[in-house]
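What follows is the residue order along each chain.
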Amino acid sequence: MGCCGSSEQKQREWKPLEDRSCTDIPWLIIFTLFCIGMACIAGFSISTGAASRLISGYDSYGNTCGQKNGKIEGVELSGRDQTNNKYVFFLDPCNIDILNRKIKSMALCVSRCPDIELKTYTDVKKFALQNGSELCSYDIPVSKYPSHGERSKKCPKLPVPPSNSLPVFHRCTPVDISCYAQFAEAFVTFVSDNSMLHRVIAGVMASKEIIMGLCVLALVLSIILMVVIRYISVVLVWILTALVVLGSIGGTGVLWWLYVDHRTNLTDQTGTSPTPQQQVAADNVQALLVYAIFATVFTVILLLLLFFMRKRVALTITLFHVAGKVFTHLPLLALQPFWTFLSLMLFWVSWLGVLLFLGTAGSPVQSEEAGLVEYRMSGPLQYMVWYHAVGLIWISQFILACQQMTVAGAVVTYYFTRNKSELPMTPIVSSMLCLTRYHLGTVAKGSFIITLVEIPRLILTYIHNQLKGKENACARCMLKSCICCLWCLKKCLMYLNQNAYTATAINSTSFCTSARDAFAILVENALRVATINTVGDFVLFLGKVLIVSCTAFVGVLSLNYQRDYTVWVLPLLIVCLFSWLVAHCFLSVFEIVVDVLFLCFAVDTKHNDGSPGREFYMDKALMEFVENSKNMAGRDRSEVDGVCPEM
């Protein structure tokens, strides 16, 4: 039966690394046209002057700073020559509504940012006369700054803080960062206690060196773990299990000890009127109690899981051993997270830049409240934004799929090359070239399927957040159920896509045919798939937990050694999140290698039996595993025949 309109009607034979041909060419054409559309949107936003408005900035009358401007109908002070005024100065820099994208503070083009504090309007006048930089509205003469009747609206709010211009974007930003706490308060709308928010922000700023050091530690630990996977994969399962158990028990004990120690110190210092330092110390005691309880529950659950899975853990050792050999022959696999992360970052930065260009590519509109000019998107521009948003998801998934396809191609080449000395000099580069030459259409199709599921999930998530507190319990439950189902469907499709890429790398077939064949192989080996996915993913999860636990443990000791009364919640959360992401990026490559090896192993055992002409491709360790499995199966049959003799 054909697949998705394909003409293949009979069962094919698996011919690894033979008859390489292009796959899913129509989807490559569609994806290329889509990328051309993304490029056209970027070109349109730049050609309409949005790039210059974004980089150079514009004032509240629609004039772009640093250049001559045309007259805007209905705006009296528009159309000014701002060639010598290259910097954007906000009269009240802390009064910008970021959430609603409304300009509450008037902006002007000035020739120089005030580098000293200006306490009176007389100081503002002196600064303008000395530097030629007028900080009040253009219709107010410099001589009338101290006495003008509208100076409270059209002149900067006193005192004017010292500011510097940004390196690329010519905006005058205050040197004192205390103003930025108000921006954080605008984003964190669910926090009712502003003093608590200020203490959290202060804790992050006071611990920024420790946070950066711990992030570097997480990166180093991930690299060390990859080296361990490469050289001692046989005992990796048991090492990780023992370290995680010891780390969880030790970390739980340290957290309880720190909680008791800090609680004792807080009790000794408690007086009639608590000081701010004592309030911060009380917050730390509460945070330590929450951490200790969570660590205790996690440790108990972990020990129970290890107890019940102790026999199945051994089943994955052989596959992990072969995966370690793959990394020995293909050391560049460890660098895959770097180029993938770099590619994603370059795309996301360019995508964000184009989005900002679109935000300033609209038509100038004068607001009714303050009479200030804003650039708003209307008509086709709004559809461009939606097109641009779909591009973010599809191209991001395409980049991730290219990593999966590259790893799959390299591992397939390693597995189905009988003489390992005949491997290409750089299998990773060869796999990239093969992907570019033959299979970009397959990757584009697989990533588009994920996009079709991801878009409605994100839309439902957005609707759920917008209606939070307004919808009834039934609607809330339905929304959450739909979001959860779409998330599960996405995970299943991603796993099927990964195996489809492996089948394409083996037999050079189209996406649908590869997905069908891979699904058939997985169904035939359902028990093995369940065991390897459960135990293998659990072991890799232990590796991620080990990295996060070690980083968090060092973080707790570092913050405790600092002895400055700062809130630990946000610094530790930042460190744990970053360490988890780093560990996930590195270990996900190992997970892909294990999954690809298993599918190759399943194909090998299905179509070969070790007889002349049908020799196995597999590694010696996997051959020993197969022989041991056959011997165990033979003993089981003998025991059954002995218990239940034939009648």
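Everything discussed here concerns the structure shown above.
The structure presented is a predicted model; accordingly, all values stated were derived computationally and were not measured. (Residues numbered from 1 in each chain as written. Predicted model: local features only at pLDDT ≥ 70, side-chain atom pairs only at ≥ 80, totals over all residues. Heavy atoms only, no water.)

K.L.:
Tell me about the overall build of the chain, and please be specific about residues and values.
P.N.:
A tally of regular secondary structure across the chain gives 19 helices and six strands. The burial tally for the chain puts 44% of its 647 residues in the buried class. Accessible surface, the chain: about 34,000 Å² in total, of which carbon and sulfur atoms supply 65%. (Helix = DSSP H or I, 4+ residues; strand = E, 2+ residues; numbered from the N terminus. Buried < 20%, exposed > 50% of the residue type's maximum accessible area, 1.4 Å probe, protein only. Areas by Shrake-Rupley, 256 points an atom, 1.4 Å probe, with all protein chains shown as cover.)

K.L.:
Mind laying out the state of the cysteines, listing which residues take part and the relevant values?
P.N.:
Tallied over the entire structure, the rule returns three disulfides. Between Cys113 and Cys172 runs a disulfide, and the two sulfur atoms are separated by 1.9 Å. A torsion of -80° about the S-S bond marks the disulfide between Cys113 and Cys172 as left-handed. Taken together, the positions of Cys113 in the loop between strand E2 (107-110) and helix H3 (121-131) and Cys172 in strand E4 (residues 172-174) put the pair 59 residues apart, joining distant regions of the chain. The pair formed by Cys113 and Cys172 is uniform in burial state, with each residue classed as buried. Each disulfide pairs two cysteine sulfurs, and for Cys136 the partner residue is Cys155, the sulfurs being separated by 2.0 Å. For the disulfide bridge between Cys136 and Cys155, the dihedral angle about the S-S bond is near 120°, and by the sign convention the bridge is right-handed. Here Cys136, found in the loop between H3 and helix H4 (151-154), pairs with Cys155, found in the loop between H4 and strand E3 (163-165); they are 19 residues apart in sequence, far enough to count as distant. For the residue pair Cys136 and Cys155, the accessibility class agrees, reading buried in each case. (Disulfide = S-S within 2.5 Å.)

K.L.:
Residues and numbers for the packing of helix H1 (residues 25-47) against helix H14 (residues 427-466), please.
P.N.:
Running from amino to carboxyl end, H1 crosses H14 at an angle of 70°, the nearest separation of the two axes being 7 Å. Overall, the two elements H1 and H14 adopt an arrangement that is roughly perpendicular. In terms of crossing hand, the pair formed by H1 and H14 is left-handed. On H14, the residues that touch Trp27, Leu28 and Phe31 of H1 are Leu440, Gly441, Ala444, Lys445 and Phe448. Here the residues of the contact of H1 with H14 sort into six nonpolar, one polar and one charged. (Axes fitted to C-alpha atoms, helices over the stretch in contact; angles between N-to-C directions. Parallel < 35°, antiparallel > 145°, perpendicular 65-115°, else oblique. Left-handed = near helix turned anticlockwise from the far one by under 90°. Contact = heavy atoms within 4.5 Å. Nonpolar A, V, L, I, M, F, W, Y, C, P; charged D, E, K, R; others polar.)

K.L.:
Give a detailed account of the packing of aromatic side chains, specifying residues and quantitative values.
P.N.:
What the rule picks out here adds up to eleven aromatic pairs. With a centroid separation of 4.9 Å and 55° between ring planes, the pair formed by Trp394 and Phe448 is classed as tilted. Placement of Trp394 in helix H13 (residues 380-415) and of Phe448 in helix H14 is noted, with a sequence separation of 54 residues between them. Using a relative accessible area of 3% as the deciding quantity, one classes Trp394 as buried. Residue classification places Phe448 among the partly exposed residues on the basis of a relative accessible area of 23%. Pairing Tyr415 with Phe416 gives two aromatic rings, centres 4.9 Å apart and planes at 65°, and the pair type is edge-to-face. When its relative accessible area of 7% is taken as the criterion, Phe416 is described as buried. Taken together, the ring pairs in this structure connect Trp27, Phe31, Phe34, Tyr387, Trp394, Phe398 and Phe448 into an aromatic cluster. (Phe/Tyr/Trp six-rings, centres within 6.5 Å; stacked < 30°, edge-to-face > 60°.)

K.L.:
Which residues make up the environment of Ile41, and what are the values?
P.N.:
Structurally, the position occupied by Ile41 is in helix H1. Separated by 347 residues in the primary sequence, Ile41 and His388 place their C-alpha atoms 7.9 Å from one another. Setting aside residues no more than four positions away along its own chain, Ile41 makes contact with Val354, Leu358, Met384 and Tyr387.

K.L.:
Could you give an account of the pattern of salt bridges, with specific residues and numbers?
P.N.:
Where charged atoms from two side chains of opposite charge come close, those side chains can pair. Tallying each qualifying case throughout the model produces seven salt bridges. Notably, a salt bridge pairs Asp115 with Arg112, separated by 2.8 Å at the nearest N-O pair. Lys154 is the partner of Asp139 in a salt bridge, and the nearest nitrogen-oxygen pair spans 2.8 Å. Within this pair, whereas Asp139 is found in the loop between H3 and H4, its partner Lys154 is found in helix H4, the two being separated by 15 residues in sequence. One salt-bridge network, held together by shared partners, links Asp139, Glu150 and Lys154. (Salt bridge = Lys/Arg side-chain N within 4 Å of Asp/Glu carboxyl O.)

K.L.:
Can you explain the layout of surface pockets? Please cite residues and give values.
P.N.:
Put simply, the second largest pocket is a space of about 1,600 Å³. Elements represented by at least two residues in the lining of the second largest pocket include exactly helix H7 (208-231), helix H12 (336-359), H13, H14, helix H15 (473-507), helix H17 (526-562) and helix H18 (569-607). Counting residues per element, the lining of the second largest pocket draws most heavily on H18, which supplies eleven residues. Of the residues assigned to the lining of the second largest pocket, the class counts are 24 nonpolar, nine polar and seven charged. (1 Å grid on protein atoms, 1.4 Å probe; cavity = no way out; pocket = protein on both sides within 12 Å on 5 of 7 lines; lining within 4 Å. Points joined across faces, edges and corners; volume = space filled by probe spheres on them.)

K.L.:
Which residues make up unusual backbone geometry, and what values go with them?
P.N.:
The omega torsion of the bond from Leu158 to Pro159 falls at -10°, within 30 degrees of zero and hence cis. Summarising the element assignment, Pro159 is placed in the loop between H4 and E3. Notably, Asp24 is not glycine yet its phi reads approximately 50°, a positive angle. Look at Ser508: it is not a glycine, yet its phi comes out positive at around 55°. If you trace the backbone, Ser508 turns up in the loop between H15 and helix H16 (511-524).

K.L.:
Account for the nonpolar core, naming residues and giving values.
P.N.:
If you look at the biggest cluster of nonpolar residues, it comprises 49 residues, and the most contacted ones within it are Val326, Leu333, Val593 and Leu597. Looking at this core, the elements with two or more residues in it are H7, helix H11 (317-329), H13, H15, H16, H17 and H18. For this core, the leading source of residues is H18, giving 17 residues. Leaving out residues up to four positions away in the same chain, Val593 has contacts with Ala323, Val326, Phe327, Leu333, Val407 and Val411. Residues Leu77, Leu118, Val124 and Val373 belong to the second largest nonpolar core, which totals 33 residues. (Core = buried A, V, L, I, M, F, W, Y, C linked by side-chain atoms within 4.5 Å.)

K.L.:
Tell me about H3, and name the residues and values.
P.N.:
Listing the buried residues of H3 in full gives Tyr121, Val124, Phe127 and Ala128. For H3, the buried positions fall inside an angular range of 110° around the axis, keeping them on one side. Facing away from the buried side of H3, by more than 90 degrees, are the exposed residues Leu129 and Gln130. Those residues of H3 hidden inside the fold are in contact with H4. (Arc of directions from axis to C-beta.)

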